[in-house]
Amino acid sequence: MIKVITYGTYDLLHFGHIRLLERAKALGDYLIVGVTADGFDRARGKINVQQSLMERIEAVKQTGLADEIIIEEYEGQKIDDVFRYGVDVFAIGSDWEGKFDYLNNYCKVVYLPRTEGISSSDLRKKQRELNIGMVGETAVLNKYEKESHYVNGACVNAVCSNDHTFFSSEVKNLPIITDDLQDMLEKVDAVFIASHPTEHYSQIKQTLEKKKHVLCKSPIVTSTKQWQELKQIAKQNGCILMDSIKTGYATAYHRLLLLVKSGVIGEIVSMEVTCTSLFDLERRSNINYQKVWNSISAWGPTAMLPVFQILGTDYKQKQTVSRSIEGLKDFDLFTKTTYVFPHSVASIKVGKGIKSEGELIISGTNGYIYVPAPWWKTDYFEIRKEHQSENKRYFYQLEGEGIRYELVSFIKSIHQSKQAKCISDKVSFAITKEMEDFFERKDFIEI
Ligand code: C2G
């Protein structure tokens with residue numbers, strides 16, 4: 001019996017896939033199909049896959065062509081599989097020509113001509129082409145424009161800004177450049193907002209009232225009343241209103257949360273989160289502090305995210321210690337807040353006027369997790385136990401600081417009319433509440 005094996009993602013299974021499977025099957029008597037796991041696809045840069053692994057397996061099964069279906073989970077697995085299943089022929093589409101020649105050492109390798117004119121990417125694009133406009137006055141917009149090119153169905157076509165000096169050459173060449181939000185809203189389906197937090201409320205409201213979706217750099221707003229009002233409008237108008245915190249979408253961060261929740265370091269007793277970025281000292285005197293994000297707005301949401309996602313939002317007591325610029329009460333150079341929960345404590349330390357080690361430490365009854373600086377852009381963390389031999393290291397490729405995953409999640413939320421679970425409303429509201437408390441000086445000591 002001649003055994004043939006082939007691999008693929010098979011997202012939105014189409015005619016090209018079926019033809020490939022038919023021809024692969026015809027090369028022997030028994031066909032094994034390896035369907036890629038989500039994690040493996042992500043690691044090899046395929047971030048736009050729409051169907052779950054189970055849906056993709058089911059679709060392959062329905063073709064009736066596979067005698068056996070296996071899951072492909074890691075780089076190099078193909079060699080293992082050839083031995084494990086006694087494979088005689090490895091077949092794959094001609095888009096991979098030459099890439100799998102190394103398998104010739106173990107079996108016969110056949111490249112089958114790819115079917116022209118159809119692909120999963122095209123199908124995804126057709127389904128989800130969304131025009132996105134960007135709002136704001138910072139270079140963050142350049143990053144989002146750049147990352148959008150990796151996201152199927154995301155088309156950044158407009159920017160609304162009062163300051164063009166920071167624009168990258170790509171942003172400069174966008175079809176629509178304006179300083180009039182209403183004007184831009186006529187020409188887009190969704191908006192990414194990265195303006196100063198004091199402008200968010202009005203900009204989000206205008207956008208939602210035009211029934212356009214919003215991804216807004218967290219904090220969405222700094223008043224809980226405004227938060228509730230905006231969420232209500234979003235709901236009424238069938239729109240997504242989502243916090244943008246890129247760390248929340250990074251693979252390593254997501255896996256860390258799952259590990260913590262599965263109890264690998266026992267019960268969590270303490271967390272320490274630090275995020276700082278120091279102003280350029282020489283430029284400090286020229287800064288217009290009304291337009292620049294203060295420390296708590298710039299870093300607070302990112303620092304609060306792991307605390308609220310791991311320990312919840314129902315802390316019993318809080319103490320904030322903060323130091324602001326002289327004469328500018330609302331501009332904190334440094335803020336440290338300690339949250340006391342019934343059985344645990346967490347502290348966040350943020351600053352644009354201080355520098356510190358930007359690490360995340362989560363201490364549990366059975367070990368701790370250490371994420372080295374800058375933890376918010378991490379691709380790596382360690383689980384450390386009492387006995388060094390039990391320590392474990394985890395590494396996950398981080399593409400585009402998490403921004404491209406965030407955009408994928410935003411687009412998916414829009415098409416499914418359901419907000420992605422990544423940053424829940426509960427956490428978003430808690431972040432807003434913290435901002436409100438900060439500006440109202442609640443549980444606050446000024447130093
Ligand atoms: N294919 C094809 N014609 C198309 C589209 C795809 O013949 N128009 C083939 C591909 O060449 C591949 C198979 O269908 O052999 C599955 O394609 P994808 O789902 O795009 O998976 P791919 O990323 O090619 O995975 O380890 C994974 C494999 O290496 C390949």
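Remember, predicted model here, so these are calculated numbers, not experimental data.

Points about the overall build of the chain
Next up, step 1: For the chain, the count of helices and strands is 14 helices and 20 strands.
Next up, step 2: Taking 2.2 N^0.38 as the reference for a compact globule, 447 residues should give roughly 22 Å; the C-alpha atoms of the chain span a radius of gyration of 25 Å, in line with that estimate.
Next up, step 3: The C-alpha extent of the chain, read off along each of the three principal axes, is 80 × 60 × 45 Å.
Next up, step 4: Burial statistics for the chain: of 447 residues in total, 52% are counted as buried.
Next up, step 5: Of the roughly 20,800 Å² of accessible surface on the chain, 48% is carried by carbon and sulfur atoms.
Next up, step 6: Taking the average location of the 57 positive side-chain charges in the chain and that of its 59 negative ones, the two points are 2 Å from each other.

A short note on the sheet that holds strand β7 (residues 154-160)
Next up, step 1: Ordered in space as β8-β7-β6-β9-β10-β11, the 6 strands form an open sheet in which the pairing is parallel. The open sheet has two edge strands with one neighbour each: β8 (176-178) and β11 (241-244). When the angles between neighbouring strand axes are averaged without regard to direction, this sheet yields 25°.
Next up, step 2: As paired elements, β7 and β8 share 3 bridges and run parallel to each other. From the neighbouring strand, A158 faces β8, where its bridge partner is I176.
Next up, step 3: Along the sheet face, helix α9 (residues 197-209) touches β6 (130-136), β9 (190-194), β10 (213-217) and β11 and points at about 165° away from the line of β10.

A closer look at the nonpolar core
If you look at soluble globular proteins, the nonpolar side chains tend to sit buried side by side.
Next up, step 1: Counting 73 residues, the largest nonpolar core has M271, V307, I362, I369 and F381 as the members making the most contacts within it.
Next up, step 2: At 9 residues, the largest contribution of residues to this core is made by helix α12 (residues 295-311).
Next up, step 3: Per-domain counts for this core show at least three residues from each of domain 2 (127-244) and domain 3 (248-446).
Next up, step 4: Those residues within four positions of I362 in sequence are excluded, and the remaining contacts are L256, V260, I265, I268, S270, M271, I310, G367, Y368 and I369.
Next up, step 5: Counting 22 residues, the second-largest nonpolar core is a separate cluster that includes A158, M184, I193 and C239.

A word on the pattern of salt bridges
Next up, step 1: If you walk through the whole model with that rule in mind, you get 22 salt bridges.
Next up, step 2: Two residues, D437 and K318, come together in a salt bridge whose shortest N-O distance is 2.6 Å. Separated by 119 residues along the polypeptide, D437 in helix α14 (residues 425-439) and K318 in strand β13 (residues 317-325) bring together distant segments of the chain. Each member of the pair, D437 together with K318, is buried.
Next up, step 3: Close ionic contact of R441 with E446 constitutes a salt bridge, the shortest N to O distance being 3.9 Å.

Things to note about the site of the ligand
Next up, step 1: Lining the immediate environment of the ligand, one finds 22 residues, of which E72, D95, W96, T115 and I118 sit closest.
Next up, step 2: Take E72: an N or O atom from its side chain is 2.5 Å from an oxygen atom of the ligand.
Next up, step 3: Computed on the free molecule, the ligand has an accessible area of 620 Å², of which 95% lies beneath the protein chains in the complex.
Next up, step 4: Of all elements in the fold, only β1 (3-8), α1 (15-26) and β4 (89-93) reach the threshold of two or more residues within the shell around the ligand.
Next up, step 5: Ranked by the residues each element gives to the shell around the ligand, the list is headed by α1, at 3 residues.
Next up, step 6: Tallied by class, the residues present in the shell around the ligand amount to 8 nonpolar, 8 polar and 6 charged.

A word on the state of the cysteines
Next up, step 1: Tallied over the entire structure, the rule returns 0 disulfides.
Next up, step 2: Residue C160 stays outside any disulfide, its sulfur separated by 13 Å from that of C216, the closest cysteine.

Examining the sheet that holds strand β18 (residues 380-384)
Next up, step 1: Taken in spatial order, the 9 strands of this open sheet run β19-β18-β17-β16-β12-β15-β14-β13-β20, and their pairing is mixed. Of all strands in the sheet, those with a lone pairing partner are β19 (392-395) and β20 (444-446), marking the two edges. With strand direction ignored, the average angle separating the axes of adjacent strands in the sheet is 15°.
Next up, step 2: Pairing geometry for strand β12 (residues 268-276) and strand β15 (residues 345-351), over 7 bridges, is parallel.

Concerning the domain arrangement of the chain
Next up, step 1: Segmentation of the chain into domains returns domain 1 (3-122), domain 2 (127-244) and domain 3 (248-446).
Next up, step 2: Centre-to-centre separation of domain 1 and domain 2, based on C-alpha positions: 39 Å.
Next up, step 3: Each side of the interface is counted separately: domain 1 has 5 residues, and domain 2 has 5 residues.
Next up, step 4: Surface buried jointly by domain 1 and domain 2 totals about 410 Å² across both partners, of which 36% is contributed by carbon and sulfur atoms.
Next up, step 5: Connecting domain 1 to domain 2 are 2 residue pairs in polar contact (both at pLDDT 80 or more).
Next up, step 6: Taken together, the residues of the side of domain 1 that touches domain 2 sort by class into 2 nonpolar, 3 polar and no charged.

Procedures and definitions
Residues numbered from 1 in each chain as written. Predicted model: local features only at pLDDT ≥ 70, side-chain atom pairs only at ≥ 80, totals over all residues. Heavy atoms only, no water. Helix = DSSP H or I, 4+ residues; strand = E, 2+ residues; numbered from the N terminus. Rg over C-alpha atoms; globule rule 2.2 N^0.38 Å. Buried < 20%, exposed > 50% of the residue type's maximum accessible area, 1.4 Å probe, protein only. Areas by Shrake-Rupley, 256 points an atom, 1.4 Å probe, with all protein chains shown as cover. Lys, Arg positive; Asp, Glu negative; His and termini not counted. Charge placed at Lys NZ, Arg CZ, Asp CG, Glu CD. Pairing = 2+ DSSP bridges. Axes fitted to C-alpha atoms, helices over the stretch in contact; angles between N-to-C directions. Contact = heavy atoms within 4.5 Å. Core = buried A, V, L, I, M, F, W, Y, C linked by side-chain atoms within 4.5 Å. Domains from an automatic or database assignment. Salt bridge = Lys/Arg side-chain N within 4 Å of Asp/Glu carboxyl O. Near = heavy atom within 4 Å. Polar contact = N/O pair within 3.5 Å; in protein donor to acceptor, adjacent residues only side chain to side chain. Nonpolar A, V, L, I, M, F, W, Y, C, P; charged D, E, K, R; others polar. Disulfide = S-S within 2.5 Å. Buried area = accessible area lost by both parts, 1.4 Å probe.

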